[in-house]
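Descriptive structure summary
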Amino acid sequence: MKSASSKMACRIARDGRVELPHRAATNFLGERLLLPVAPPEVPTCAWGAKPTNQHIMCCQRTTTVGKIRRHDGVVTAVANAFASLGLRPQVEPRVATSRSRARPDIVVDNLVTDVTIRYPAPASVTSIHAQKAADKAAAEKNAQWRIWADRRDLRFAPLVFESTWALLDESVAWIKAAVAGSDCLLAPTTAADMVVCAALSALMRGNVWVVASALG
Ligand SMILES: [Zn+2]
């Protein structure tokens, strides 16, 4: 619940630019109101466990396919939003100077990011800080990519979402830096908002795929 009350998470319910198909909106409301997202006629996840909201977002035996699709959907949405602003994002590029097989999710100008989506529990349950799970994910991603990016004169920040619609401040700052390179006529804050809304819409559509893969 702490994560669901973060400022980004609240905004998603009232920002008209976040577009949601019916199923995604139903899931969103179910999770938000702590009502079961799994329909009553589906008594277990595809593996046979009780389909609590937490389980169907986290089940390690069933959700992998949905999570990959959700991740790729968010990457595509962010890249498309950048492109619509006149930027030239590259998705999973082979970075010219790279001898490693490392492929960051998005490079735009001299900015590089990698996308990750975390379910907020259990990290947030035992912490007084909202977004504890996102902070932890950001630390992991920074450890993974910072030095790699520094060596190539790229500025790295992770795009870290919690599946309950929170987005880290350092990720929003990275998006703002990226859209600052656009010569579109929108104000930078408006342009960054557009990217954020596209990403959050994709995240919520992706949550439907995660639930679908959990329930089989
Ligand atoms: Zn399961």
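All values derive from a computational prediction rather than experimental measurement. (Residues numbered from 1 in each chain as written. Predicted model: local features only at pLDDT ≥ 70, side-chain atom pairs only at ≥ 80, totals over all residues.)

1. Observations regarding the pairing of strand S6 (residues 159-162)
What counts here: Counting other C-beta atoms within 10 Å of its own, a residue is labelled buried from 20 upward, exposed at 12 or fewer, and partly exposed in the gap between, with every C-beta atom placed from the backbone. Counting from the N terminus, the helices are the DSSP runs of H or I reaching at least four residues and the strands are the DSSP runs of E reaching at least two. The rule for pairing is simple: two strands pair if DSSP sees at least two bridges between them.
Residues Leu159 and Phe161 of S6 are buried on one face, and the alternating residues Val160 and Glu162, pointing to the opposite face, are buried as well. Where strand S4 (residues 115-118) meets S6, four bridges bridge the pair, whose relative direction is parallel. Of the residues in S6, the one forming a bridge with valine 115 is leucine 159.

2. Section: the packing of helix H4 (residues 64-84) against helix H7 (residues 188-215)
Each pair of packed helices can be summarised by the angle the axes make with each other and by the distance between the axes. To be explicit about the condition: The convention used is that axes are lines fitted to C-alpha atoms, helices contributing only their stretch in contact, and that angles between N-to-C directions extend from 0 to 180 degrees. Oblique is the label for any angle not under 35 degrees, not over 145, and not in the 65 to 115 range, which are roughly parallel, roughly antiparallel and roughly perpendicular in turn. Less than a right angle of anticlockwise turn of the near helix away from the far helix marks a crossing as left-handed, whereas a clockwise turn marks it as right-handed. We call Asp, Glu, Lys and Arg charged. Ala, Val, Leu, Ile, Met, Phe, Trp, Tyr, Cys and Pro are nonpolar, and the rest, Gly among them, are polar.
It is the contact of H4 with H7, at a shortest axis distance of 8 Å, that shows an interaxial angle of 165°. Classified by the interaxial angle, the pair formed by H4 and H7 is roughly antiparallel. Between H4 and H7 lies a crossing of right-handed hand. Residue composition of the contact of H4 with H7, grouped by class: 16 nonpolar, seven polar and four charged.

3. Quick word on the nonpolar core
Convention followed: In plain words, the nonpolar core is the set of buried Ala, Val, Leu, Ile, Met, Phe, Trp, Tyr and Cys residues that C-beta atoms within 7 Å link up. Each residue is represented by a C-beta atom placed from its backbone, and any two residues with such atoms within 7 Å are regarded as in contact.
Within the largest apolar cluster, 57 residues are counted, with the highest numbers of intra-cluster contacts made by Val74, Val78, Phe82, Ala178, Val195, Ala199 and Leu203. When residues of this core are assigned to their parent elements, the largest contribution, 14 residues, is made by H7. When near neighbours in sequence (up to four residues on either side) are disregarded, phenylalanine 82 contacts Leu87, Pro89, Val108, Ala178 and Val195.

4. A few points about the packing of helix H2 (residues 22-32) against H7
The interhelical angle for the contact between H2 and H7, taken along N-to-C directions, is 80°, at an axis separation of 8 Å. Taken as axis vectors, H2 and H7 run roughly perpendicular relative to one another. Where H2 abuts H7, its residues Arg23, Ala24, Asn27 and Phe28 lie against Met204, Arg205, Asn207, Val208 and Val211. When the residues that make up the contact of H2 with H7 are grouped by side-chain class, the tally is five nonpolar, two polar and two charged.

5. Digging into the sheet that holds strand S2 (residues 106-108)
Strand order in this open sheet of four strands is S1-S2-S3-S5, and the pairing throughout is mixed. In this open sheet, the two edge strands, each paired with only one partner strand, are strand S1 (90-91) and strand S5 (155-156). Here S1 pairs with S2 via two bridges, running antiparallel. Note on S2: the bridge partner recorded for glutamine 90 is valine 107.

6. Quick look at the environment of tryptophan 209
Locating tryptophan 209 in the fold gives a position in helix H7. Separated by 185 residues in sequence, tryptophan 209 and alanine 24 have C-alpha atoms that sit 9.3 Å apart. Residue contacts for tryptophan 209: discarding those within four places in its chain leaves Gly66, Arg69 and Arg70.

7. A closer look at the confidence of the model for the chain
Counted only if it meets this: Confidence of the predictor at the level of single residues is captured by pLDDT, which takes values from 0 to 100.
Here the chain shows a mean pLDDT of 88. Residues at 70 or above account for 87%. Taken element by element, the predicted model of the chain shows its lowest mean pLDDT in helix H1 (residues 7-11) (61) and its highest in H4 (97).

8. As for unusual backbone geometry
Of note in the backbone geometry, leucine 34 takes a positive phi value of approximately 60° without being a glycine. Of note, leucine 34 is situated in the loop between H2 and helix H3 (53-58). Owing to 9 C-beta atoms within 10 Å, leucine 34 belongs among the exposed residues under this scheme.

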